[in-house]
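In case you want the letters, here they are:
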Amino acid sequence: MAENSTHGIPVDEPSDIGRRVLRLRTQKGLTQRQLAEPAYTAAYISTLEAGRVRPSEAALRHLAQRLGTTVEELATGRPPHLATALRLRLTDARRILATGHAEDAAVLFRALRAEAAVLALVPEQFTALLGLGDCALETGDLADARDLFAEAEALYADEPLPRRVPALRGRATAHLLAGELRYACYLLETAVDELNASGLHDPDALLLLYTASIAPYMDMGAHARAAHAAELALALAPQVHEPALVAAMHRGVARTLIAEGRIAEADASLAKAQDLYQQLHIRTELAHCHWMRGYVHAQDGNLRKAETELRTARDMLASKRAALFTVQVEVELADVLRRRGKADEAEALLRPLLAPTALGAERGAVHAGGAHRLLGLIAEERGDTEAAEEHYCAALSLLERTGAACDLADLCRLLGDLLRRTGRTEAALDAYRTGLGHRAAPGTTTLGPAPTAPPQWGRP
């Protein structure tokens, strides 16, 4: 198979194409002149059939039309129905991922990826790799997810950036879930800069990138950047016709509204996302909407409703065996339970989450830090200051690695207060200074300046 391609379709060697043209022309009972006219000469057809010239894309289109076949079959010898059938099966695998278990969908995606590779169907290989990456995200296999998305990007290395963006977004999400917030921002900001600076204004790609950047910005305390990304995403939404992209945008925007205290607007945004996910039957994302609505109610002080929404999200994710997302919700549910006076139930929920297979430095570091923080609060409320300090220090170690500025500042305050109450004033001051240092420059990313804004909008 040659390196040349036509619209992403690999093109065979000239000798293979020549033999194919000769066979099809003979079957049709056409002379070389009849096949050539009016655009080409009989001599050109003779040279082509002898394998001494590679036909251009225009020539392939002309020949395919005259021979009653497709450009793909003429260029590759592959019947076009094979690609169509494979795409339909990829859609089925995606539906299983949306409504069933990720492990079941992964089995199909792996088989389809292998089949697409044998048939040299590059777009279908790319789609299968994206599906496998999403399966790995759902099951919490973050290293596998990064590798799969990186392989998809490499497969499309020669394609325009907008076509690679879904894989890049997936890789950034894997880094985010692992607690590598700055690197997730770096990947997303670099892509936004490249798209906007080069004039590659692709609304779908930009919406995907801006939406994906909201979560790491918020976790890092870069609320102004998150709000600006949400503003740009909202402006792009009318140009985007993919409902799942718009739903994800509404979910991301809700998080910035919560931070601004606009609780009713955040809930309305989540309701829009939830409605779209229900129409699309995307169960995991629907669970994320319940999760976020639980967070909204918790912020608003309605702990009973918060507990109901978070339990719904937890049960939905557990039924899909979405392991990492399930334990992350359980951390937030434990926080609500503690605030409702159910400390024993909260502790019983939290302790299993700190097993290496649940949460840790390489797997949900932000939520692992949150679990230790909650266990520290529970221990402190019971008067066990030694256990509380151990949990606060464990949380600090996890969160410093992520750069989650707001969580770090809050944790340093808790640790400082504990140290001060136990008579260790200098150690308490050190803890407070550490927290103030994180609050002084929140949201610092590896790039520094905010990414380039699209030409039609001003900078924040």
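Since this is a predicted model, take the numbers as computed values, not measurements.

J.: What is the right way to look at the overall build of the protein in this model?
T.: Within the protein, the secondary structure is distributed over 23 helices and two strands. In terms of overall dimensions, the protein has a C-alpha envelope of 100 × 45 × 35 Å along the principal axes. Scored against the burial criterion, the 460 residues of the protein give a buried share of 52%. Accessible surface, the protein: about 20,100 Å² in total, of which carbon and sulfur atoms supply 53%. Taking the average place of the 52 positive charges on the side chains of the protein and the average place of its 60 negative ones, the gap between the two points comes to 4 Å.

J.: Help me understand the state of the cysteines, please; the structure alone is not making it clear to me.
T.: In protein structure, a disulfide is the covalent linkage between the sulfur atoms of two cysteines. In total, this model carries zero disulfides according to the counting rule given. The thiol sulfur of Cys393 is not disulfide-bonded, and the nearest other cysteine sulfur, from Cys412, lies at 9.8 Å. According to the relative accessible area criterion, Cys412 is buried, its value standing at 2%.

J.: So what exactly am I meant to see when it comes to unusual backbone geometry here?
T.: Generally, phi is negative for residues other than glycine and the peptide bonds are trans, each holding for most cases. Note the cis peptide between Glu37 and Pro38, where omega equals 5 degrees. Position of Pro38 relative to the elements: it lies in the loop between helix 2 (32-36) and helix 3 (42-49). Here Arg321, not a glycine, exhibits a phi torsion of approximately 60 degrees, which is positive.

J.: Please explain the packing of helix 20 (residues 365-381) against helix 22 (residues 405-421) as it appears in this structure.
T.: To characterise two packed helices, one gives the angle between the axes of the helices and the distance between these axes. Helix 22 packs onto helix 20 with a crossing angle of 25 degrees between their chain directions and a minimal axis gap of 11 Å. On the basis of their axis angle, the class for helix 20 and helix 22 is roughly parallel. For the element pair helix 20 and helix 22, the recorded crossing hand is left-handed. Contact residues: Val366, Arg373, Leu377 and Glu380 in helix 20; Asp407, Asp410, Leu411, Leu414, Leu418 and Arg421 in helix 22.

J.: Explanation requested: the pattern of salt bridges in the structure shown.
T.: Proximity of charged atoms lets side chains of opposite charge pair with each other. Enumeration over the complete set of coordinates arrives at 37 salt bridges. The partner of Lys320 in a salt bridge is Glu138, and the shortest N-O contact between them spans 2.5 Å. Taken together, the positions of Lys320 in the loop between helix 17 (303-319) and helix 18 (323-339) and Glu138 in helix 8 (residues 122-139) put the pair 182 residues apart, joining distant regions of the chain. The class of Glu138 is buried, set by a relative accessible area of 5%. Each of Glu307, Arg311, Arg340, Lys342 and Glu345 takes part in one network of salt bridges that share partners.

J.: Explain helix 9 (residues 142-155) to me, please; I cannot follow it from the model alone.
T.: Residues spaced three or four apart along an α-helix point in a common direction, a consequence of the helix completing one turn every 3.6 residues. The terminal C-alpha atoms of helix 9, which comprises 14 residues, lie 20 Å apart, in line with the 20 Å expected from a rise of 1.5 Å per residue. Taken together, the buried positions of helix 9 are Leu142, Ala145, Arg146, Leu148, Phe149, Ala152 and Glu153. Taken down its axis, helix 9 places every buried residue within 170 degrees of arc, on the same side. Of the exposed residues in helix 9, the ones pointing more than 90 degrees away from its buried face are Asp147 and Ala154. Packing partners of the buried residues in helix 9 comprise helix 7 (102-118), helix 8, helix 10 (161-177) and helix 18.

J.: For this particular structure, what's the right way to read the confidence of the model for the protein?
T.: Low-confidence regions, as indicated by low pLDDT, have predicted coordinates that should not be scrutinised in detail. Across the protein, pLDDT averages 86, with 92% of residues at or above 70. Summarising per-element confidence for the protein, the mean pLDDT is lowest in strand 1 (residues 5-6) (48) and highest in helix 9 (96). Note on residues 440-448: pLDDT is under 50 here. Beyond four places in sequence and across chains, it has 21 contacts.

J.: Before we go on, may I ask you to explain helix 8 in this structure?
T.: Taking 1.5 Å per residue as the helical rise, helix 8 with its 18 residues ought to reach 26 Å, and the 26 Å between its terminal C-alpha atoms agrees with that figure. For helix 8, the tally of buried residues reaches 15 of 18 residues, placing the bulk of the element in the interior. Within two residues after helix 8, Gly140 carries a phi angle of roughly 85 degrees, on the positive side.

J.: It is not clear to me how the UniProt feature "domain: HTH cro/C1-type" (unreviewed entry) in the protein should be interpreted in this structure. Could you clarify?
T.: As annotated by UniProt and renumbered to match this structure, "domain: HTH cro/C1-type" (unreviewed entry) occupies residues 21-74. Structurally, residues 21-74 comprises 67% helix and 0% strand, and the distance from its first C-alpha atom to its last is 7 Å.

J.: What's the story with the nonpolar core in this structure? I'm lost.
T.: A general trend in soluble globular proteins is that nonpolar side chains are found buried together. Within the largest apolar cluster, 133 residues are counted, with the highest numbers of intra-cluster contacts made by Phe109, Leu209, Tyr210, Leu350 and Tyr392. Top contributing element to this core by residue count: helix 12 (residues 203-219), with ten residues. Filtering out sequence-adjacent residues up to four positions away, Tyr392 remains in contact with Arg373, Gly376, Leu377, Glu380, Leu411, Leu414, Leu415 and Leu418. Ile17, Ala36, Ile45 and Leu60 belong to the second largest nonpolar core, which has 14 residues in total.

J.: How should the packing of helix 12 against helix 13 (residues 223-236) be read in this particular structure?
T.: In contact at an axis separation of 8 Å, helix 12 and helix 13 are set at 155 degrees when each is read in the N-to-C sense. Our classification of the angle between helix 12 and helix 13 gives roughly antiparallel. As helix 12 runs across helix 13, the sense of the crossing is left-handed. Residue-level inspection shows Pro203, Leu206, Leu207, Tyr210, Thr211, Ser213, Ile214, Tyr217 and Met218 of helix 12 in contact with helix 13, the latter providing His223, Arg225, Ala226, Ala229, Ala230, Leu232, Ala233 and Leu236.

J.: Hey, could you run me through the packing of aromatic side chains in this one?
T.: Here a ring pair, both rings aromatic, is described through the centre-centre distance and the interplanar angle of the planes. Under the criterion given, the structure shown has three aromatic pairs. Relative to Tyr186, the ring of Tyr183 lies with its centre 5.6 Å away and its plane at 25 degrees, an arrangement referred to as stacked. With Tyr183 and Tyr186 both in helix 11 (residues 181-197), this residue pair falls three residues apart, about one helical turn. Taking the relative accessible area as the measure of exposure, Tyr183 reaches 33% and is therefore partly exposed.

J.: What exactly am I supposed to notice about the side chain of Asn196 here?
T.: Along the polypeptide, Asn196 turns up in helix 11. A polar side-chain atom of Asn196 sits 3.1 Å from a polar atom in the side chain of Tyr210.

J.: Even after reading the chapter, I still don't get the environment of Arg182, so can you show me in this structure?
T.: Here Arg182 lies in helix 11. When the C-alpha atoms of Arg182 and Pro203 are compared, they prove to be 24 Å apart, with 21 residues separating the residues in sequence.

J.: When you look at the environment of Tyr392 in this model, what are you seeing that I'm missing?
T.: Of note, Tyr392 is situated in helix 21 (residues 385-402). Taking the relative accessible area as the measure of exposure, Tyr392 reaches 0% and is therefore buried. Once the C-alpha coordinates of Tyr392 and Tyr44 are considered, the two residues, 348 residues apart in sequence, prove to be 78 Å apart. A polar contact is formed between the side chain of Tyr392 and the side chain of Glu380, at a distance of 2.7 Å.

Procedures and definitions
- Residues numbered from 1 in each chain as written.
- Predicted model: local features only at pLDDT ≥ 70, side-chain atom pairs only at ≥ 80, totals over all residues.
- Heavy atoms only, no water.
- Helix = DSSP H or I, 4+ residues; strand = E, 2+ residues; numbered from the N terminus.
- Buried < 20%, exposed > 50% of the residue type's maximum accessible area, 1.4 Å probe, protein only.
- Areas by Shrake-Rupley, 256 points an atom, 1.4 Å probe, with all protein chains shown as cover.
- Lys, Arg positive; Asp, Glu negative; His and termini not counted.
- Charge placed at Lys NZ, Arg CZ, Asp CG, Glu CD.
- Disulfide = S-S within 2.5 Å.
- Axes fitted to C-alpha atoms, helices over the stretch in contact; angles between N-to-C directions.
- Parallel < 35°, antiparallel > 145°, perpendicular 65-115°, else oblique.
- Left-handed = near helix turned anticlockwise from the far one by under 90°.
- Contact = heavy atoms within 4.5 Å.
- Salt bridge = Lys/Arg side-chain N within 4 Å of Asp/Glu carboxyl O.
- Expected span 1.5 Å × (residues − 1).
- Arc of directions from axis to C-beta.
- pLDDT = per-residue confidence, 0-100.
- UniProt positions renumbered as here; feature names shortened; annotations may be inferred.
- Core = buried A, V, L, I, M, F, W, Y, C linked by side-chain atoms within 4.5 Å.
- Phe/Tyr/Trp six-rings, centres within 6.5 Å; stacked < 30°, edge-to-face > 60°.
- Polar contact = N/O pair within 3.5 Å; in protein donor to acceptor, adjacent residues only side chain to side chain.

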